[in-house]
Amino acid sequence: MSASDAEAELGEDEYAGLELVRETGGIHQSDFWKELDVSSRKGSRIAEKLEDLGLIERDDTVYNGHNTYFLAPTAKDLDFALLMAGDMLSPFIGEEEIDPNSDAFTQWLMNLAYEEY
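- As annotated in an unreviewed UniProt entry, the protein chain carries the name Helix-turn-helix transcriptional regulator and is attributed to Halobaculum marinum.

Here you go:
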């Protein structure tokens, strides 16, 4: 089942939950249900359904001294297009020190400037 097919099966609260996870880039489940203004039980069910449909990842974690889950968008939901210029990935990915005068950055910017939309 594709992500768009899975999204079509979502109810209003589930879709709101998915959008919350995507907008935040990840949220602890203990905050998730509060943000959605639903009970912790309903928040847990929403998170489980989103995970079962492959729309989010749900990992055990400790937050504020309590066991909870961290809900994150799946990698397929992330848009890496903003890091690309043509077929070149931004030279700053993985670099600790950024040199805006580097040849790699200049080439990346030139590719970005001449990229056709």
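1. Some thoughts on the packing of aromatic side chains
Aromatic ring pairs: the centre-centre distance and the angle between the two ring planes describe each pair.
Next, step 1: Applying the stated rule across the entire model yields zero aromatic pairs.
Next, step 2: The ring centre of Tyr69 lies 3.8 Å from the NZ or CZ of Arg58, which sits over that ring.

2. Observations concerning unusual backbone geometry
Next, step 1: A positive phi angle, close to 60°, is found at Asp37, a residue other than glycine.
Next, step 2: Looking at the element boundaries, Asp37 is found in the loop between helix H3 (29-36) and helix H4 (40-52).
Next, step 3: With a phi angle near 55°, Asn64 is a residue other than glycine that sits in the positive phi range.
Next, step 4: Counting through the fold element by element, Asn64 comes out in the loop between strand S2 (56-63) and strand S3 (66-73).

3. As for the packing of helix H2 (residues 12-24) against H3
Next, step 1: Where H2 meets H3, the closest approach of the two axes is 10 Å, and the angle between their N-to-C directions is 125°. One way to sum up the angle between H2 and H3 is to call them oblique. In this structure, the crossing between H2 and H3 has a hand that is right-handed. On the side of H2, the interface is formed by Asp13, Ala16, Gly17, Leu20 and Val21, while H3 contributes Phe32, Glu35 and Leu36.
Next, step 2: By residue class, the composition of the contact of H2 with H3 is five nonpolar, one polar and two charged.

4. Observations regarding the side chain of Gln29
Next, step 1: If you trace the backbone, Gln29 turns up in helix H3.
Next, step 2: When its relative accessible area of 8% is taken as the criterion, Gln29 is described as buried.

5. Considerations on the pairing of S3
Next, step 1: Both strand S1 (residues 27-28) and S3 contribute to a ladder of two bridges, which runs antiparallel. Residue pairing in the sheet places Ile27 in a bridge with Leu71 of S3.
Next, step 2: Count of turn residues in the S2/S3 antiparallel hairpin: two residues, of which Asn64 carries a positive phi of about 55°.

6. Brief notes about the environment of Lys34
Next, step 1: In this structure, Lys34 sits in helix H3.
Next, step 2: Judged by its relative accessible area of 51%, Lys34 is exposed.
Next, step 3: A sequence separation of 33 residues divides Lys34 from Asn67, and the C-alpha atoms of the two residues are 16 Å apart.

About the thresholds
The residue numbering used here restarts from 1 in each chain and proceeds along that chain's sequence as written. Thresholds applied to this predicted model are a pLDDT of at least 70 for local features of residues and 80 or more for the giving and counting of side-chain atom pairs; totals over whole chains, interfaces and linings are not thresholded and use all residues. Hydrogens and waters are ignored; side-chain quantities use all the structure's heavy atoms. Centre distance within 6.5 Å is the pairing criterion for rings of Phe, Tyr and Trp, where only the six-membered ring of Trp is used; planes under 30 degrees apart are then read as stacked, over 60 as edge-to-face, and the remainder as tilted. By definition here, charges over rings are those cases where NZ of Lys or CZ of Arg is within 6 Å of the ring centre and within 35 degrees of the ring normal. A run of DSSP states H or I qualifies as a helix once it reaches four residues; a run of E qualifies as a strand once it reaches two. Both are numbered from the N-terminal end. Only the stretch in contact is used when fitting a helix axis, every axis being a line fitted to C-alpha atoms; angles between N-to-C directions are given from 0 to 180 degrees. These descriptions rest on fixed angle ranges, namely under 35 degrees for roughly parallel, over 145 for roughly antiparallel, 65 to 115 for roughly perpendicular, and the rest for oblique. Put simply, a crossing is left-handed when the front helix is turned counterclockwise from the back one by less than a right angle, and right-handed when it is turned clockwise. Residues count as neighbours in contact if any of their non-hydrogen atoms are within 4.5 Å of one another. Amino acids outside the nonpolar list (Ala, Val, Leu, Ile, Met, Phe, Trp, Tyr, Cys, Pro) and the charged list (Asp, Glu, Lys, Arg) are all regarded as polar, and Gly is one of them. Think of it in three bands: with a 1.4 Å probe and only protein chains considered, a residue is buried below 20% of the maximum accessible area for its type, exposed above 50%, and partly exposed in between. When DSSP finds two or more bridges between a pair of strands, those strands are recorded as paired.

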